[in-house]
Amino acid sequence: MSKRVASNLLDSFPHANVIFMERANVLAQFASLTAAQDTGLWMKFVDALNPADQRVLPAPPKVDFNFPRFKVMFDQRHDWITFFHDEMEKRDRKYVHLVYEEHLADTEKQAETMSRLKDFFGFDVNVNRNFLQSSVRLVKSASVPLQDRFNNPHEIPVLLTRAFPLDEIA
């Protein structure tokens, strides 16, 4: 999505606020984004009426680390964060930046985050931990060490792997 399109969307919904969510580990972000772009599978939702529907997918596909592609993703990520922050401030709208691992890692954090969002935005939502857990429809991929998400983890620069260890579960 271009910034012009995003700006037009914000114009079309003058009272909309934005919640920007991302992973803390930019290598995990890159692996997920690359896999989604390569496979066309961005997310999968559970059929709540079908108890046989899987709530966990197999491990995500491995991707090739490519530094130029990583740099483009990283630069675009920074540009989008800056763009939304600036646009929301200009439009006097509420904007929240969440990090999955910090705010949504477990049901307790999810309930706490939802409670804060409820208060911040004035949402009328049920923030009961059991309700949130049973209402989640998004299917999570099986967790694997980050190094197992790449075909070529040895090609990732050491500076990146020191900041974002490959033994983290992603």
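Everything here concerns the structure above.
Now for a look at the structure at hand. (Residues numbered from 1 in each chain as written. Predicted model: local features only at pLDDT ≥ 70, side-chain atom pairs only at ≥ 80, totals over all residues. Heavy atoms only, no water.)

This paragraph deals with the overall build of the chain. What the chain contains, in helices and strands, is seven helices and four strands. Traced from its N-terminal end to its C-terminal end, the chain shows the element sequence α-β-α-β-α-β-α-α-α-β-α. In the chain, buried positions account for 29% of the 170 residues. The contacts in the chain between residues at least 6 apart in sequence include a share of 73% that link residues at least 24 apart. Only carbon and sulfur atoms are counted for the fraction: they give 56% of the accessible area of the chain, which is about 11000 Å². (Helix = DSSP H or I, 4+ residues; strand = E, 2+ residues; numbered from the N terminus. Buried < 20%, exposed > 50% of the residue type's maximum accessible area, 1.4 Å probe, protein only. Contact = heavy atoms within 4.5 Å. Areas by Shrake-Rupley, 256 points an atom, 1.4 Å probe, with all protein chains shown as cover.)

With 14 residues, helix α2 (residues 26-39) should cover 20 Å at 1.5 Å per step; its first-to-last C-alpha distance of 20 Å lies within 8% of that length. Where α2 is concerned, the buried positions are Val-26, Leu-27, Ala-28, Gln-29, Phe-30, Ala-31, Thr-34, Ala-35 and Ala-36. Looking at the buried side of α2, the elements it contacts are β1 (18-22), α3 (67-90) and α7 (158-163). For α2, the capping residue at the N-terminal end is Asn-25, with a side-chain oxygen 2.8 Å from the backbone nitrogen of Leu-27. Where α2 ends, the next residue or the one after it, Gly-40, has phi of about 80°, a positive value. (Expected span 1.5 Å × (residues − 1). Polar contact = N/O pair within 3.5 Å; in protein donor to acceptor, adjacent residues only side chain to side chain.)

Our next topic: the packing of aromatic side chains. The tally for this structure, following the rule as stated, stands at twelve aromatic pairs. When the centroid spacing of 6.1 Å and the interplanar angle of 35° are considered together, the rings of Phe-67 and Phe-70 count as tilted. Here Phe-67 pairs with Phe-70, and both are found in helix α3, just three residues apart, close to one helical turn. A relative accessible area of 5% places Phe-70 in the buried class. The interplanar angle of 90° and the centroid separation of 5.5 Å between the aromatic rings of Trp-80 and Phe-83 together place this pair among those described as edge-to-face. With a gap of three residues between them, Trp-80 and Phe-83 both fall in helix α3, about one helical turn apart. Judged by relative accessible area, Phe-83 falls into the buried class, the value being 12%. (Phe/Tyr/Trp six-rings, centres within 6.5 Å; stacked < 30°, edge-to-face > 60°.)

Tracing the chain through its elements places Arg-93 in the loop between α3 and β3 (95-99). Despite its burial, Arg-93 pairs with no opposite charge; the closest candidate is Asp-11, at 5.5 Å N-O. Polar side-chain contacts of Arg-93 include one of 2.9 Å to the backbone oxygen of Pro-14. Other than its neighbours up to four places away in sequence, Arg-93 contacts Leu-10, Phe-13, Pro-14, His-15, Ala-16, Asn-17 and Met-88. (Lys, Arg positive; Asp, Glu negative; His and termini not counted. Salt bridge = Lys/Arg side-chain N within 4 Å of Asp/Glu carboxyl O.)

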